[in-house]
Amino acid sequence: MTDAPTPYQRTLAFHQATKHHPDRYARSPGYMDWANQPNPFRSWADCETMALPFIEKDPPGGHLELYTRSSGKPAPLALATVAGFLELSLGLSAWKAAGDSRWALRINPSSGNLHPTEGYLILPAMEGIEAGIYHYDPLNHRLERRARMPESIGTTIAGHFKTGGFMVALTSIFWRESWKYGERAFRYCQHDVGHALAALGFSAALQGWQLTVLGDLADSALASLLGLDQTDWPRLEAEHPDLAAWVHPAADRVQVKNLPGELVAALGNLAFTGRPNRLSPTPVDWEIIKDVADATAKPPTQTPVPDLPVSNPVRTPSSALTGAGIIRQRRSASAFDPDGSMDVSVLEAILDKTLARSGCAPFNAGIGPPSIDLVLFVHRVNGLTPGLYALDRGTSTAAPLKTTMKSEFAWEAASSRLPFYLLEPGDLRHTAIELSCHQPIAGFGIFSLAMMARFERCIKEAPYRYRHLFWEAGMIGQILYLEAEAHGFRGTGIGCYFDDAVHDLLGIDTLAWQSLYHFTVGVAKEDLRLTTYPPYHHLERE
Ligand SMILES: Cc1cc2nc3c(=O)[nH]c(=O)nc-3n(C[C@H](O)[C@H](O)[C@H](O)COP(=O)(O)O)c2cc1C
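Being a predicted model, the structure only gives us computed values, none of them experimental.

Conventions adopted
Residues numbered from 1 in each chain as written. Predicted model: local features only at pLDDT ≥ 70, side-chain atom pairs only at ≥ 80, totals over all residues. Pairing = 2+ DSSP bridges. Helix = DSSP H or I, 4+ residues; strand = E, 2+ residues; numbered from the N terminus. Axes fitted to C-alpha atoms, helices over the stretch in contact; angles between N-to-C directions. Near = placed C-beta within 6 Å. Nonpolar A, V, L, I, M, F, W, Y, C, P; charged D, E, K, R; others polar. Domains from an automatic or database assignment. Core = buried A, V, L, I, M, F, W, Y, C linked by C-beta atoms within 7 Å. Buried ≥ 20, exposed ≤ 12 C-beta atoms within 10 Å, placed from the backbone. Contact = placed C-beta atoms within 7 Å.

**Re the sheet that holds strand E10 (residues 240-249)**
1) Next: Strand order across the open sheet formed by seven strands is E2-E7-E6-E5-E8-E10-E9, with antiparallel pairing between neighbours. Looking at which strands have only one partner, the edges of the open sheet turn out to be strand E2 (49-51) and strand E9 (209-213). Put simply, the sheet's adjacent strands are angled 30 degrees from each other on average, direction ignored.
2) Next: Bridging between strand E5 (residues 117-123) and strand E8 (residues 166-172) involves six bridges; their strand directions are antiparallel.

Structure below.
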């Protein structure tokens, strides 16, 4: 009799099975079953709803205040500021139309615009709203109350964290992504959590708040306190718990990353109401997703999160846009001008923001030490030889990326401002396109990059960290999206790439490091066939 595979082995099996290869893509339907397309908006019937006010005047912070507020008091906790926090993180950003089709875009991006991520708030009583557990409905910019909460629980929670605030939580509906992407969809759902977490962090920073992720909490506790385990879900459309964070004034340092068992029980025992809408007529069961979700479920932990390094972000060149303006205008480019270029100082300013530093969003949320370095395909940066480069994001480890990749790489210092190195000069435009499932955006952009994660040890120690690696990658992606906009460029996340072909190029033949996400930045070519409408033009109360 053979032993049942361990969670680590199951996680690894999923990872290997969901790699794309030039001659064999990961298993997926291979076509779009339009009649079965999942609704991108979850709504809850039979529960009270509350329309949220729209922002009347954007928060004043400039570009760099997305990362840390330089002055001023934190915004007071009130319905209007909480609504603004949601509008600038998980709200709609625009509608697009082509012919008879119309679709909404959001402040947070999502692979294929399928949006598997749902947001929840656990709010104490504040003026204009009762204490309770609420689902955020971005389509209507409103809250749906799943449970009333006695005010005393709100007071106990604030006492536990020793600061005022509220809780935000994220969940995923895997079917929304697997409808199009099949088995690889689980990865994209995790990327999207990372994007959403960073979007929440940036929006919080503009209010003078920050997120502290409750990293010790088990998934089962999160499911309980959000009432997910008390819900009668439509088949294959259940929400999977991802994370919860305490949102609090940025100046208040929050040390606890857990909730006491009695509080979890008190929240889990509330009377949850509401019926989730059905998203598709006949969802399809991708069994390996259920298996990897189970293998990477997070147990309760007590993991100290090390302090991040203290240093100031690179301030030049800076952007004249406001932080909120940058957030609102973020979009993915579907095509780039192949002649576009940027100065090396802009590239440095962009890459600098991906470094995790103390007191700076989004990594001040505390999801753990940096585990991802960047390998760049630099195509047209004025002042830099085209070629392969690496950015060391401070992933200290016994087996650094440098010793895992080809020994011929030069590792020649390429910046006085950043730990940025030239590995090998060369024209990599065609290589980048080929590696990215033949997508021209990877070669027509000014640069593209691979996010290389310290992989095997991380998931061997704790398989749930598999999901966190994708979250970290998604957070880096969100930074790159906003930084591209800040400097007059545009970015696009790239989830479709040939995993092992990337590893071969870099000379990686073990699982010590794996490429988990790609990204590209360039001068966008607008798609003139599309018409754009304002985000909430469909609501009378706009
Ligand atoms: C995790 C992730 C992977 C993505 N992969 C690709 C990709 O391989 N190719 C592509 O053209 N766009 C890709 N995108 C861009 C999405 O299609 C885009 O975010 C979505 O259509 C929503 O549009 P918006 O970003 O303008 O809001 C990806 C986005 C994310 C978040």
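**With respect to the pairing of strand E3 (residues 92-98)**
1) Next: Sheet analysis places E3 next to strand E4 (residues 101-106), joined by six bridges and oriented antiparallel. Each bridged residue has a counterpart across the sheet, and for Ala97 the counterpart in E4 is Arg102.
2) Next: Remark: two residues form the turn of the hairpin made by E3 and E4, two consecutive strands paired antiparallel; Gly99 in that turn has positive phi of roughly 60 degrees.
3) Next: Across three bridges, E3 lies against strand E21 (residues 531-533) in antiparallel orientation. Within E21, the residue paired with Trp95 across the bridge is Tyr533.

**So, the sheet that holds strand E19 (residues 490-494)**
1) Next: Strand order in the open sheet made by the seven strands is E16-E17-E15-E13-E18-E20-E19, with antiparallel pairing throughout. Pairing within the sheet leaves two strands with one partner each, and these edge strands are strand E16 (412-413) and E19.
2) Next: Taken together, the five bridges between E19 and strand E20 (residues 513-522) define a ladder with antiparallel strand orientation. Counted as the bridge partner of Gly491 is Val521 from E20.

**A word on the site of the ligand**
1) Next: In the region of the ligand, 21 residues are neighbours, and Pro109, His191, Ser332, Gly493 and Gly495 sit closest.
2) Next: Looking at the shell around the ligand, the elements that each hand over two or more residues are E4, helix H5 (185-206) and E19.
3) Next: Take the shell around the ligand: its biggest share by element is four residues, from H5.
4) Next: Partitioning the shell around the ligand into residue classes produces six nonpolar, 12 polar and three charged.
5) Next: Taken domain by domain, the shell around the ligand gets at least three of its residues from each of domain 1 (7-42 + 76-295) and domain 2 (323-522).

**Points about the nonpolar core**
1) Next: One finds Leu121, Leu197, Ala245 and Met451 to be the most contacted residues of the largest nonpolar core, which totals 153 residues.
2) Next: Each of domain 1 (7-42 + 76-295) and domain 2 (323-522) contributes no fewer than three residues to this core.
3) Next: When neighbours within four sequence positions are excluded, Leu121 is seen to be in contact with Tyr134, Tyr136, Leu143, Phe166, Met167 and Val168.

**Brief notes about the environment of Asp46**
1) Next: Within the secondary structure layout, Asp46 lies in the loop between strand E1 (44-45) and E2.
2) Next: Under the C-beta neighbour-count criterion, Asp46 is labelled exposed, with 8 such atoms within 10 Å.
3) Next: Residues Asp46 and Glu348, 302 residues apart in the sequence, show an inter-C-alpha distance of 51 Å.
4) Next: Once you skip the residues sitting within four places of it in the chain, Asp46 turns out to touch Thr273, Gly274 and Arg275.

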